Amino acid sequence: MSAAQIMGLVASGQATSRADLSRLLGWAPSTVSSHVQELLDAGLLEESGEGRSRGGRRPRLLSVRAGDGVLLGADLGGHHARIAVMDRSGRPETAQDLDIDVTAGPEPILGQISEALLSLSAGRPVLGMGIGLPGPVDLSGVVVGSSRMLGWNGFSVRRWLAGRFEAPLVVDNDANLMAMGEAVVRGPSMRDFVFVKAGTGLGAALVNDGRLHRGARGIAGDVSHNPVPAGGDRACNCGNFGCLETIASGAALVAAVRAEGVDVTTTADLVRLAGDGDPTVNTTVRFAGRQLGEVLVTIVNFFNPQAVILSGALATCDLFVAAARGALYERCLPLTTQALQIGESVAGPDAGLLGIGRLLIDQGLAAPARNP
Ligand SMILES: [Zn+2]
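Residues numbered from 1 in each chain as written. Predicted model: local features only at pLDDT ≥ 70, side-chain atom pairs only at ≥ 80, totals over all residues.

A.B. asks: Explain the overall build of the protein chain residue by residue, including any values.
C.D. replies: For the protein chain, the count of helices and strands is 14 helices and 12 strands. Projected onto the principal axes, the alpha-carbon positions of the protein chain cover approximately 70 × 50 × 40 Å. Relative to its full complement of 372 residues, the protein chain shows a buried share of 46%. In the protein chain, the share of contacts with a sequence separation of at least 24, taken over all contacts with a separation of at least 6, comes to 62%. (Helix = DSSP H or I, 4+ residues; strand = E, 2+ residues; numbered from the N terminus. Buried ≥ 20, exposed ≤ 12 C-beta atoms within 10 Å, placed from the backbone. Contact = placed C-beta atoms within 7 Å.)

A.B. asks: Describe the domain arrangement of the protein chain, listing the residues and the values that go with them.
C.D. replies: In terms of domain boundaries, the protein chain breaks down into domain 1 (3-64), domain 2 (70-180 + 350-369) and domain 3 (189-345). Each of domain 2 and domain 3 has a C-alpha centre, and the two are 26 Å apart. In this assembly, 15 residues from domain 2 lie in contact with 18 residues from domain 3. For the side of domain 2 that touches domain 3, the element with the most residues is helix H6 (residues 174-186), which contributes 6 residues. For the side of domain 2 that touches domain 3, the class distribution of residues is 9 nonpolar, 3 polar and 3 charged. (Domains from an automatic or database assignment. Nonpolar A, V, L, I, M, F, W, Y, C, P; charged D, E, K, R; others polar.)

A.B. asks: Tell me about the packing of helix H8 (residues 250-259) against helix H10 (residues 279-303), residues and numbers included.
C.D. replies: In the contact formed by H8 and H10, the axes pass within 10 Å of each other and the chain directions differ by 145°. In this structure, H8 meets H10 at a crossing whose hand is right-handed. Counting all contacts with H8, which are made through Leu-253, Ala-256 and Val-257, the residues of H10 involved are Thr-280, Val-281, Thr-284, Val-285 and Ala-288. Partitioning the contact of H8 with H10 into residue classes produces 6 nonpolar, 2 polar and no charged. (Axes fitted to C-alpha atoms, helices over the stretch in contact; angles between N-to-C directions. Left-handed = near helix turned anticlockwise from the far one by under 90°.)

A.B. asks: Summarise the environment of Leu-76; cite the residues concerned and give the values.
C.D. replies: Structurally, the position occupied by Leu-76 is in strand S3 (residues 70-76). The class for Leu-76 is buried, based on 24 C-beta atoms found within 10 Å. Apart from the residues lying within four places of it in its own chain, the contact partners of Leu-76 are Ala-81, Ile-100, Val-102, Ile-131, Gly-132, Leu-133 and Pro-134.

Quick look at the structure:
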């Protein structure tokens, strides 16, 4: 059950009453009523008059209560961060892109991001703060075992933020947050899906019955270090050999085609060349998509999701996606693929920020809003 789903539906105008919420969410009226009451008590929703009766008592109309408070969010990549001030329903009001170098280490980067966010929020009260990181984050908000975020391992991002912001906090891996953003945009009917971020690196997340599946330590969903037979003895930056990441990540693809004499430096260049029909690039990209698909076969058979949703630069590459799709349709149990949707993310560049908004609202944003 999700308070954020209620806030999202009311904020977007899709639901104006408890009856609308019950119908859209498929929850019992009593369950909707008790969640709505919590949000009313917390000062996040308000009742504003009465709607039209469809027989019986006229329903009281619900709306998001106006207020000064805002949510702050930052979605970090290796060289780039998207930051935003969001309203109480978790929707970005003002967003901004920053150039960063995540290898500068946690304190300078978190300082830069916090200053930019506080300036963007223009002194309004902060009701919640969230940050997405391009590496594994455990349940206590500590960066663990990241090969891309040099200098961050063992650093408690949550503790650092708690020293700056007296508000509920979210600290999570970027793929997890993007998956939650996807859930926000797709709405309550999308409850079970595998989300794959296929850019320069690979990441994935699992949404189960509308909630993130985090696992015992918080790092569930990582597919990038699955061994694949074609990986052979290729050294991976995790210290192991033959991981999927060494074949199907954008970085691995760029390295592979460069070794064949193709002049590319970024994943975006590579996707462009694949679109132009470069034969070396096409063969390499198709092979990589197939490898990703074969790893996803195990996950789809085991988890039986409604959808596999692909995001990141490689998700815009038709050859890569078609090869992954081909592996899934050929190798999954027919019962799991009969109704399986495989497609590109629809959440856009704010996916991670929308995910932060949802998790902040769900984890009890209500508390500080009681005394605005
Ligand atoms: Zn690895």
